[in-house]
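For reference, the chains in residue letters:
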There are 2 protein chains.
Amino acid sequence: VACFTNSVLVRKRSGGRRPQAELLTIGSELLSGKVVNTNAAYLGRELTEFGFRVAFQQSCADEKRSIQEALRLALGRSEVVFVSGGLGPTPDDVTRESVAEYFGARLVFSKEQYREIARRYKRRGKKVPGIVRREAYFPENAKPVFNRFGIALGFVIEDRGRRVIVVPGVPGELERLFINHLRPYLKRSFPDLRPLASLVAKTIGLSEPTVMRRLSDRFFRLGRFQFGIYPDVGEVALRLYVEDQRLLGRLRARIRQVLGKDIYSYSEETIERVIGERLRTRGWTIGIAESCTGGEVSSLITKVPGSSCYLKGSVVPYDNRLKSRLLGVEADLLRRKGAVSREAAIQMARGVRERLATTLGLSLTGIAGPSGGSRGKPVGLVWIAIVSPSGTQVWKELFTGDRRQIQDRAAKKALEHLWRWTQR
Amino acid sequence: VACFTNSVLVRKRSGGRRPQAELLTIGSELLSGKVVNTNAAYLGRELTEFGFRVAFQQSCADEKRSIQEALRLALGRSEVVFVSGGLGPTPDDVTRESVAEYFGARLVFSKEQYREIARRYKRRGKKVPGIVRREAYFPENAKPVFNRFGIALGFVIEDRGRRVIVVPGVPGELERLFINHLRPYLKRSFPDLRPLASLVAKTIGLSEPTVMRRLSDRFFRLGRFQFGIYPDVGEVALRLYVEDQRLLGRLRARIRQVLGKDIYSYSEETIERVIGERLRTRGWTIGIAESCTGGEVSSLITKVPGSSCYLKGSVVPYDNRLKSRLLGVEADLLRRKGAVSREAAIQMARGVRERLATTLGLSLTGIAGPSGGSRGKPVGLVWIAIVSPSGTQVWKELFTGDRRQIQDRAAKKALEHLWRWTQR
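Reading the values: rules and limits
- Note on numbering: residues in each chain are counted from 1, in written sequence order.
- Each chain is given a letter, starting from A, and each ligand a number, starting from 1, according to the order in which they appear as written.
- In keeping with the predicted nature of the model, local features appear solely for residues at pLDDT of at least 70, side-chain atom pairs appear and are counted solely at 80 or more, and the whole-chain, interface and lining totals rest on all residues.
- To get the side-chain values, take all heavy atoms of the structure and skip hydrogens and water.
- Starting at the N terminus, helices and strands are each numbered in turn, a helix being any DSSP run of H or I of at least four residues and a strand any DSSP run of E of at least two.
- Relative accessibility decides the category of a residue: with a 1.4 Å probe and only protein chains considered, values under 20% of the type maximum give buried, values over 50% give exposed, and everything between is partly exposed.
- Note on contacts: a residue pair is in contact if any heavy atoms of the two residues lie within 4.5 Å.
- The Shrake-Rupley method, run with a 1.4 Å probe sphere, supplies the accessible areas, and residue values consider only the shown protein chains as cover.
- Charged residues are defined here as Lys and Arg on the positive side and Asp and Glu on the negative side; His and the ends of the chain fall outside this count.
- For charged residues, the charge sits on one atom: NZ in Lys, CZ in Arg, CG in Asp, CD in Glu.
- When two parts are brought into contact, each loses some accessible area as probed by a 1.4 Å sphere; the total of that loss over both is the buried area.
- Any carboxyl oxygen of Asp or Glu that lies within 4 Å of a side-chain nitrogen of Lys or Arg is treated as forming a salt bridge with it.
- For this classification, Asp, Glu, Lys and Arg are treated as charged, while Ala, Val, Leu, Ile, Met, Phe, Trp, Tyr, Cys and Pro are nonpolar and the rest, including Gly, are polar.
- Between any two strands, at least two bridges found by DSSP are needed for them to pair.
- Least squares is the method for superposing the copies, and the C-alpha atoms it fits come from residues with pLDDT of at least 70 in both.
- Confidence scores here are pLDDT values: one per residue, from the predictor, ranging 0 to 100.
- Cavity: a set of points on a 1 Å grid over the protein atoms alone where a 1.4 Å probe fits but cannot get out. Pocket: an open set with protein on both sides within 12 Å along at least five of seven lines, its lining residues, like those of a cavity, having an atom within 4 Å of a point.
- Grid points are joined across faces, edges and corners, and a volume is the space filled by probe spheres set on the points.
- Lines fitted to C-alpha atoms define the axes, with helix axes restricted to the stretch in contact, and inter-axis angles between N-to-C directions lie between 0 and 180 degrees.

1. Some details on the overall build of chain A
Logical step 1: In terms of helices and strands, chain A carries 14 helices and 17 strands.
Logical step 2: Dimensions of chain A along its principal axes, counting C-alpha atoms only, are 85 × 60 × 40 Å.
Logical step 3: By residue count, 61% of the 424 residues in chain A fall in the buried class.
Logical step 4: Counting only contacts in chain A whose residues sit at least 6 apart along the sequence, the fraction spanning at least 24 positions is 68%.
Logical step 5: Surface summary for chain A: the accessible area is close to 17100 Å², and the carbon and sulfur share equals 49%.
Logical step 6: Positive and negative side-chain charges in chain A, numbering 74 and 43 respectively, have mean positions lying 4 Å apart.

2. What to know about the interface of chain B and chain A
Logical step 1: Contact residues are listed per partner, giving 85 residues for chain B and 86 residues for chain A.
Logical step 2: Around 7300 Å² of area is buried between chain B and chain A when both sides are counted, 56% of it from carbon and sulfur atoms.
Logical step 3: Joining chain B to chain A, the criterion identifies ten salt bridges.
Logical step 4: A per-class count over the side of chain B that touches chain A returns 33 nonpolar, 29 polar and 23 charged.
Logical step 5: In this sheet, strand β14 (residues 311-316) of chain B lies alongside strand β14 (residues 311-316) of chain A in antiparallel orientation, the contact comprising three bridges. Directly across from A:V315, in β14(B), lies its bridge partner B:V315.

3. Notes on the relation of the copies chain B and chain A
Logical step 1: Between the two copies, chain B and chain A, the superposition gives an RMSD of 0.1 Å; the rotation angle is 180 degrees and the shift along the axis is 0.1 Å. The relationship between the two copies is best expressed as a two-fold rotation axis.
Logical step 2: When the interface residues of chain B are mapped onto chain A, 100% of them again fall at the interface, so both copies present the same face.

4. Points about the pattern of salt bridges
All names here are of chain A.
Logical step 1: With the rule as written, the count across this model stands at 59 salt bridges over all chains.
Logical step 2: Among the ionic pairs, R18 bridges to E243, the shortest N-O distance being 3.7 Å. Here R18, found in the segment before β1 (20-26), pairs with E243, found in the loop between β11 (235-242) and α8 (245-259); they are 225 residues apart in sequence, far enough to count as distant.
Logical step 3: Taking the relative accessible area as the measure of exposure, R18 reaches 15% and is therefore buried.
Logical step 4: Under the relative-accessibility criterion, E243 is labelled partly exposed at 28%.

5. Some details on the confidence of the model for chain A
Logical step 1: Residues with a pLDDT of 70 or more make up 95% of chain A, whose mean pLDDT is 90.
Logical step 2: This stretch, residues 1-16 of chain A, has a pLDDT under 50; its non-local contacts, to residues over four places away or in other chains, come to 59 contacts.

6. A look at the layout of surface pockets
Logical step 1: Considering only enclosed or pocket space, the second largest pocket measures out at about 470 Å³ in volume.
Logical step 2: Forming the walls of the second largest pocket are 23 residues, and the residues nearest its centre are A:S308, B:V340, B:G366, B:I367 and B:A368.
Logical step 3: Of all the secondary structure elements, the ones that give two or more residues to the lining of the second largest pocket are α11 (320-327) and β15 (360-366) of chain B.
Logical step 4: For the lining of the second largest pocket, the per-class residue count stands at eight nonpolar, eleven polar and four charged.

7. Some points on the pairing of β11(A)
Each regular strand displays side chains that alternate between the two surfaces of the sheet.
Residue and element names in this part refer to chain A.
Logical step 1: Of all eight residues that make up β11, eight are buried, and the element is covered over most of its length.
Logical step 2: Going residue by residue along β11, you find E235, A237, R239 and Y241 tucked away on one face and V236, L238, L240 and V242 tucked away on the opposite face as well.
Logical step 3: Pairing analysis gives eight bridges linking strand β9 (residues 197-204) to β11, with the strands arranged antiparallel. When the sheet's bridge partners are listed, L199 is paired in β11 with L240.
Logical step 4: Pairing of strand β10 (residues 226-232) with β11, which is carried by seven bridges, proceeds in the antiparallel orientation. The residue of β11 that forms the bridge with P231 is V236.
Logical step 5: In this antiparallel pair of consecutive strands, β10 and β11, the connection spans two residues, and G234 shows a positive phi of 70 degrees.

8. Some thoughts on the environment of A:V340
Residues and elements named next belong to chain A.
Logical step 1: Looking at where V340 falls in the secondary structure, it is placed in the loop between α12 (331-337) and α13 (342-356).
Logical step 2: Residue V340 is classed as buried on the basis of its relative accessible area, which comes to 12%.
Logical step 3: C-alpha separation for the pair V340 and I384, spaced 44 residues apart in sequence, amounts to 10.0 Å.
Logical step 4: When residues no more than four places from it in sequence are discounted, the contact partners of V340 are T365, G366, I367, K377, L381 and W383.

9. Section: unusual backbone geometry
Logical step 1: The omega angle of the peptide bond from A:G369 to A:P370 is 5 degrees, so this bond is cis rather than trans.
Logical step 2: Unusually for a residue other than glycine, B:S216 sits at a positive phi of about 60 degrees.
Logical step 3: Along the polypeptide, B:S216 turns up in helix α7 (residues 208-220).
Logical step 4: Look at B:S216 and you get partly exposed, because its relative accessible area is 26%.
Logical step 5: Even without a glycine there, the phi angle at B:A357 is positive, about 55 degrees.

10. Quick word on the sheet that holds strand β11 (residues 235-242) of chain B
All names here are of chain B.
Logical step 1: An order of β10-β11-β9-β12 is seen for the four strands of this open sheet, with the pairing classed as antiparallel. With partners counted over all chains shown, the strands left at the sheet margins are β10 (226-232) and β12 (263-265), one partner each. Ignoring which end each strand starts from, the neighbouring axes of this sheet average 30 degrees apart.
Logical step 2: Packed on one face of the sheet, helix α14 (residues 403-423) meets β9 (197-204), β11 and β12 and runs near 100 degrees to β9.

As structure tokens, then:
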């Protein structure tokens, strides 16, 4: 979950000569807040990387008048207008008709798209319902964009130097149509547009102000570039766009110099994947004993394909007696020190490592709240331990937030320690 | 993750006499797709429930000219314009200045907000940096909206029957300012506006077409209402808005009649919470043995506060030998039938129930892919078992999608079975 706070830190250093693209997302559900507009984020990112200046995005309701008003405005200022949504079969979906009417064009039928629709229904043993026929129509002044990823036909209109691109709002279809048809189309239409070079760096364990302080003003005087900083749970990502490849090299060198030891990836991969790659390369296996996070660390690690190569298993001893029964934590120690203690964390990590016969044992024990805290052991206190052939290490952490945030932050912190451990 | 497909099903049956509100979200990061616009979703939902017609939303870059152009457009058609973002301290943030300039107003200083800023810095033992002073300014023709949840002052301008409301883009601050200051302000400003009544119903285990078929056309002839259908992993939610309270009762009765046995909640709560409430009421405890989902079911259940009352613990026997060692699944059975089998699922659920001494044992074993599938046991095959004092039940499921989707769908299906079990 990226946070808006970063807006205060986004610096724009890019030239203004790039052609302008604009997004028009259609659907009442976007305006009533029922659905978060991920299409706008996707298209915005793709068009920016393509080299367009994306200066506006509008959403409007499924109403002819509103759609045409928004389209008029967009065509008045932008060279490429991307319209998504409102191409479905029900009477509410009026994007197709609104755009055609705007250009004074009739709708014509695409046999090719209709064959695709019929094929899809046939596969499920059904006939095409009458209302679905609409989805194979396009304005006569448009080029159809054949959609083999879904039902609704897309289309492109070129008019007085402007381009209107209309695509279905289903995210999966929109993304595939963009990659397979529309990016090539834009490449042909704007042959001189140089894509922006981009640079990603994902740091872990640092706060946003710390990242900014390490970069310092010197970094921002290296040249003209677009800079974005995006905090997520326990991590901060940097994403830069730049026109000049040599500048990109200088920026990368500087980032590596001041942040390198906290960067786990220079691409979009997750820390779970990076850890997995490390464990696999080293031939190490791991067992996890997690209490307050309830299986979250284990679940994150098993989201990576092939994780069964290194994760042997996990135990969630939520009840304290299970810490003894399943992991061999001394009952006496639990009585003396409590389940949330340095000693319990170490014994949990040792226990899971021995019982699962793994190279590494990782454990978490803490208080996720909202109840269960005390003066000496407040809500948010979490002990994390790693036991390995080369030794044992244990960390005391204190997280803030609600139950879910404490769990998410503790899980990410455990992954951070594990990543650093596999780096050594 | 709600899906855009629902746009084809959204029916609008509401009158057009409600005042129009419009959203203007400011920030280059929204347009370059770095950040998903959750503020627009939040404000859209709140203003719709308040009774406004939300017909437009615009995003624009952090540029004076763009902001003023968008503002002019919005004021030309909407009675309330909500502007968020671009109030930070860096030179990129120009919302404050752009709005003041638009109305030809000077900026004036709020001592009250500056005291709050100083207090916040002092708490961290710091002085207020010079650039932050800007955030306590507001246009002279505005009423300041004091922000005790953050740094940046908000403000409201009333001009020729229009209202411009400007708030910081940090989601937490925006939401608190809305609840504490702006909703009361709108109530005073629009005393006659009747909030829409809303109805939520969360179904599980049904597809979107099935829900629509069960509702049938009869449902949509019951009266004028706004209808939204939102598929998520393994579940489908309905959200309706209506002006007439009596109609709401008829809609609820019909929904209950045709979907009741698959509805787990008539509010926004999660299935994990509903299950937790059931287990707690019945005094039942549970142990979980999950293989292909890697701890996801356990993690979901422990996200609920107080889950330690009923979840005793979980075991993730990712390595097959652990299925025997930790859960007592017969090694011979694993050889004969394989770890992904009806028999293994049952023995896992029995094993975890016995070892953890719980009322219920829940198990999942399957093939999440992308590799590991075979002709007889394809990727996506998952066995789910529940063992209880009253008996044992086992389900064979086949999920489609990539690894993550299969894991998410399997975890949700296990929760569905568990919910139905606790319903009996």
